[in-house]
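# Chain and residue survey
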Amino acid sequence: MSDDYGLRGSAFLDSPQRGRGGPQTRVEIVQGLDLDDLDEDHVKSVIRQELESALGRDGGTLSHDRLQALRYYEGQPFGNEVEDGSRSTVVMRTVLEAVEWVLPALIRIFTASEKICTVEPPRPGTEQQAKQATEYLNHVFMRENQGFLVLHDWFKDALLERLGWVKYYWDTQKTTETESYTGLTKEQYDALLGSDEDVEVVKLTKYLQDMDEFNLDRPYVPPPPPMPPPMPAMPPPPSGAPSGLPGPPGPPAPPPGVGQPGMPPAILAAPPPPPAGAPAGPPPAGPGGMPPEAMMSLMAAMQQPPAPPPPAELYDCTLRVTRENGRVTIVNIPPEEILFSQRSKRGDIPFISHRRRWTYSDLIQQGYDEECLDLVPQDDSGEYNLERVERHQEDDYPYPDRRDAGREIWVEESYARFSLDEDGKTTELYKVMTAGNGLIILTKDGKPAVECVDEPGFVSICPIPSSHKLVGLSLADLTMDLQLIKSTLIRQMIDNAFLSNWPRIEVADDGVNENTYDDLLTLRPGGVVRSRRIGSIQPMMIPFTADKSFPLVEYLDQTQEVRTGVARHNQGINPDDLNKTATGVSLLQQAAAQRVELFARIFAHGVEQLMRGVMRLVRKHQQQERIIRVTGDWMRVNPREWREDMPLTVSVGLGTGNRDQILQHLMQIIQLQGTIVQQQQGVSGPLVYPSNVYDALKALQENAGFKSSFFADPSQGPPPGTPPPPPKPPDPAMAQAQAKIQTEQMKAQSQMQAMLIKAKAAEQLLGEKANAEAAIQQQRLQHETQLALLKANHEMEMERTQAQNDLAVGMARVKIEGEVKQKEIELKYAAGAYDQQPRVPPASNGSAAS
């Protein structure tokens, strides 16, 4: 192995020094504060000593380990890479895989139910208070503080950086808003100033309302119409007319309402014209004997428009409204912002400090005095914390150095114990707000921000705790060495494959010319390399040995599964699992899930501590009744009625499997309850009561994920509008007799039904048997017919074959006989059997001689 792949103790190179101002010299500042029972110099000295020796400070061992875990998680280079690019620099993400595989399982365990915690009644009669506290605490955590995201960041910090921190506190924050109003009336303006909120008038302008088309929407009430002048008195009737008799005819009376006091002039009517053909006479008098000229002048005066109303006074103002709101706040704290004592153990932290960044204006808004803030020296060491820089590496550094209200100040919220008496036997926990690493104690309204408190309000969790220590191990600690080794092996395998596919070139010195090296360095498919002679350039083949490293990589993966408890069987279907039984795979999954369940049980203690702290804050600070919406209904919550000793448990879904398994268990329980109810003849006990059945059904509904209630709680009584209950049952003796009669009737009906079913079954059996026999007979006839037909066809085929064979044999015999006969004739002919002259036999030897 080359030195480039050597495994070093620290994979990452050292980072440059932080800060822009260089080393700073501490200057003692005496503020002259009155801390009652405490001494200013002693408080500052204790805070500074604790901060300088605390765990988690920048540059310490814990900070270095967390920084290394962050770099491994992000896949940063190790620092042992070859800079010229000739070697592979791939980085495997083993730490990220381990953290991100475990995190979803943990989040599901704590958020599968709508309730993360349950408050149990401490004694009989407190069930309603416990239910009220349960609903309200879950409402505060999940809805008012985004509990899902709090759990996600909290668990992820713990799995990656050993400790995850959350902070809970009662946030009484004043918010100031500037509001502008125009066109307010006097009543509206007074209503704004008379509200319960703190209202400051920034700008005020008064003016009179203009009655034009732009102010037609202003509220305006028209004045009453003017009263008409009194009419002249009617002349008295003649003295000779009897009382109650009509007098001499006069002018006709006006229509109703005309000329009456109080009526508008628009309804006054002119006298009717004289009829056609009537003799001209003096003009008629108006109503009441008024002359026409006076009547016309009166009508003209009354028809004039009314006088405009006096203009109203309006207000344009700008108000600065300050509102004060109080609520429980739960926030995640970055691990680099928490400093704690080296003597800390689980449940016992002598000193803890939250060092965070505030702007100058934010501190002023919270009520801190400008005099003490101006004494804080410029310090950007917290901004250039190595962990913070690594976490925000995508941001551009350095930040702008501002000197105005946006100047950033790092404030320490420290919790330490101080003695109150001279012998030091009594100690109290104090919260001290300082700046400049304990150099300045902040003040509010001239009073130092030092107060005695009950608890710090911080909760930490560690996935792999160590005995008698607060800091344990993280999931990253178990896998960082595996990531380094695995990355080194993968780099070597890639380099080996690269060299095997693209080997080095061996060139003889006497076989090159001025163009050879340029041609070799110019890489292109099908390129030409010019040399002096053939064979002077040869590739140096490197054997491919990367396949020998695959078993080692598999071994590292198995080691990771053993360390973290996260197996490939839990992440999905492995192709190798298809050859295993379902029981075996289930056992593997259960064995691998034990580590995740252990993480969940450890984290549950931290969640329980957090919810207990939230309940204490609510009981202490919330003095008013609230109304919240729970499962579609409104609930009144009054924390003042809660008892202090109410126990609280965290709802962790362990030991019962997933929702499908829980559903099976609930269905079995409900079926068992039904069987018991039948045996005990009702829900009056002794094993099952209505409340037990309701609890099982409610658990079934919650497991299904429904928020609405489908079942009525028997302890709450019937809902409004429910019809009256049914009448009381009859006499037991009568009910027993009726039950006996019903039993006999049911028995007779059952017997009759059984006989009918039996007869119907027999009839159906006989029909099926006859059908079967007929089908068999038909099949037999078909088989016999087919067999006879086949036999006849076979015999005919045999006879035809035999006749053909006999014919062939006869023809062959005739042919052979003809050939034999012909041969015989030829032989005889050759022997002369067919000559006409007889041949003379040859003479013997004696005859010839003679």
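This is a predicted model, so every value here is computed, not measured.

Take the overall build of the protein chain next. When you go through the protein chain residue by residue, the secondary structure sums to 19 helices and 18 strands. The 850 residues of the protein chain split such that 31% are buried. For the protein chain, the share of sequence-separated contacts (at least 6 apart) that also reach a separation of at least 24 residues comes to 74%. Per element, the accessible surface of the protein chain, about 55,400 Å² overall, is 56% carbon and sulfur.

Checked against the element boundaries, Lys 44 lands in helix α1 (residues 40-53). Setting aside its immediate chain neighbours within four residues, Lys 44 contacts Ile 29, Gln 31, Gly 438, Leu 439 and Ile 441.

Glancing now at the pattern of salt bridges. All chains considered together, the criterion is met by 25 salt bridges. With its nearest N and O atoms 2.6 Å apart, the salt bridge here joins Glu 455 to Arg 616. Of this pair, Glu 455 sits in the loop between β12 (450-452) and β13 (458-461) while Arg 616 sits in helix α15 (residues 582-621), and the two are 161 residues apart along the sequence. A residue is classified by how much of its surface remains accessible, and Glu 455, at 26% relative accessible area, is partly exposed.

Moving on: the sheet that holds β13. The antiparallel open sheet is built from four strands, whose spatial order is β3-β4-β2-β13. At either margin of the open sheet sits one strand with a lone partner, and together these are β3 (198-208) and β13. Mean inter-strand twist for the sheet, computed between neighbouring axes without regard to direction, equals 25°. Alignment of strand β2 (residues 164-184) against β13, held across four bridges, turns out to be antiparallel. When the bridges of β13 are listed, Val 166 appears paired with Val 459.

Here the focus is helix α4 (residues 127-142). An ideal rise of 1.5 Å per residue puts 22 Å on 16 residues; α4 measures up with 22 Å between its terminal C-alpha atoms. For α4, the set of buried residues is Ala 130, Gln 132, Ala 133, Thr 134, Glu 135, Tyr 136, Leu 137, Asn 138, His 139, Val 140 and Phe 141.

This paragraph deals with the pairing of strand β6 (residues 352-359). Sheet topology places strand β5 (residues 338-340) next to β6; three bridges connect them, and they run antiparallel. Along β6, the bridge assignment pairs Ile 338 with His 354. Two strands pair when backbone bridges link them, and β6 and strand β7 (residues 408-419) are joined in this way by eight bridges, in the antiparallel orientation. Bridge pairing links Arg 355 to Glu 412 in β7.

As a further point, take the environment of Val 453. Following the sequence through the fold, Val 453 ends up in the loop between β12 and β13. The class of Val 453 is buried, set by a relative accessible area of 18%. Not counting the four nearest positions on each side in its chain, Val 453 is found in contact with Tyr 415, Leu 429, Tyr 430 and Lys 431.

Let us now look at unusual backbone geometry. Note that the residue after Gly 685, namely Pro 686, is joined by a cis bond; omega there is 10°. Take Pro 686: it is sitting in the loop between α16 (659-679) and α17 (690-704). Phi is positive for Asn 437, close to 60°, though the residue is something other than glycine. One non-glycine residue, Gln 681, lies in positive phi territory at about 55°.

All right, on to the packing of aromatic side chains then. Summed over all chains, the structure comprises nine aromatic pairs. Pairing Tyr 136 with Trp 642 gives two aromatic rings, centres 6.1 Å apart and planes at 65°, and the pair type is edge-to-face. Here Tyr 136 is found in helix α4, whereas its partner Trp 642 is found in the loop between β17 (633-637) and β18 (648-650), with 506 residues between them in sequence. Grouping residues by exposure puts Tyr 136 and Trp 642 together as buried. Each ring, one from Phe 418 and one from Tyr 430, has its centre 6.1 Å from the other, and the planes form 70°; the classification is edge-to-face.

Counting 63 residues, the largest nonpolar core has Phe 110 and Phe 155 as the members making the most contacts within it. Top contributing element to this core by residue count: α15, with 12 residues. Each residue touching Phe 155, except ones within four places of it in the same chain, is listed here: Leu 103, Leu 106, Ile 107, Phe 110, Ile 461, Phe 603 and Val 607.

Right, let's get into a nonpolar patch on the surface. Where nonpolar side chains cluster on the molecular surface, the patch consists of Phe 498, Leu 499, Trp 502 and Leu 523 and spans about 430 Å² of accessible area. If you trace the backbone, Leu 499 turns up in helix α11 (residues 475-501). Note on Leu 499: relative accessible area 31%, which makes it partly exposed.

So, on to the packing of helix α2 (residues 61-74) against helix α5 (residues 147-161). For the pair α2 and α5, the least separation of the axes is 9 Å and the interaxial angle reads 105°. Here α5 runs roughly perpendicular to α2, going by the angle between their axes. Taking contact as the criterion, the partners of Arg 66, Ala 69, Leu 70 and Tyr 73 in α2 are, on α5, Lys 156, Leu 160 and Glu 161.

Below, the discussion takes up the confidence of the model for the protein chain. Looking at the protein chain as a whole, the pLDDT averages 78, with 75% of positions reaching at least 70. The least confident element of the protein chain, judged by mean pLDDT, is helix α19 (residues 845-849) at 44; the most confident is β13 at 96. Confidence drops under pLDDT 50 across residues 1-24; counting only partners more than four residues distant or on other chains, this segment forms 51 contacts. Confidence over residues 571-585 falls short of pLDDT 50; this stretch has seven contacts with residues more than four positions distant or in other chains.

Before going further, it helps to examine the side chain of Thr 322. As for its position among the elements, Thr 322 is in strand β4 (residues 313-333). If we skip the residues at most four places from it in the chain, Thr 322 touches Lys 174, Thr 175, Thr 176, Glu 197 and Asp 198.

Here the focus is the environment of Leu 151. By the element assignment, Leu 151 lies in helix α5. Relative accessible area serves as the criterion here: at 0%, Leu 151 is assigned to the buried category. For the pair Leu 151 and Val 166, spaced 15 residues apart in the sequence, the C-alpha separation amounts to 9.3 Å.

Attention shifts here to the environment of Lys 186. Among the structural elements, Lys 186 can be located in helix α6 (residues 186-193). Taking the relative accessible area as the measure of exposure, Lys 186 reaches 41% and is therefore partly exposed. Lys 186 sits 129 residues away from Tyr 315 along the chain, and the two C-alpha atoms are 7.3 Å apart. Contacts of Lys 186, omitting those with residues within four sequence positions, involve Glu 313 and Tyr 315.

Scoring rules and cut-offs
- Residues numbered from 1 in each chain as written.
- Predicted model: local features only at pLDDT ≥ 70, side-chain atom pairs only at ≥ 80, totals over all residues.
- Heavy atoms only, no water.
- Helix = DSSP H or I, 4+ residues; strand = E, 2+ residues; numbered from the N terminus.
- Buried < 20%, exposed > 50% of the residue type's maximum accessible area, 1.4 Å probe, protein only.
- Contact = heavy atoms within 4.5 Å.
- Areas by Shrake-Rupley, 256 points an atom, 1.4 Å probe, with all protein chains shown as cover.
- Salt bridge = Lys/Arg side-chain N within 4 Å of Asp/Glu carboxyl O.
- Pairing = 2+ DSSP bridges.
- Axes fitted to C-alpha atoms, helices over the stretch in contact; angles between N-to-C directions.
- Expected span 1.5 Å × (residues − 1).
- Phe/Tyr/Trp six-rings, centres within 6.5 Å; stacked < 30°, edge-to-face > 60°.
- Core = buried A, V, L, I, M, F, W, Y, C linked by side-chain atoms within 4.5 Å.
- Patch = residues over 30% accessible without salt bridge, like charges linked within 9 Å, V, L, I, M, F, W, Y side chains within 5 Å.
- Parallel < 35°, antiparallel > 145°, perpendicular 65-115°, else oblique.
- pLDDT = per-residue confidence, 0-100.

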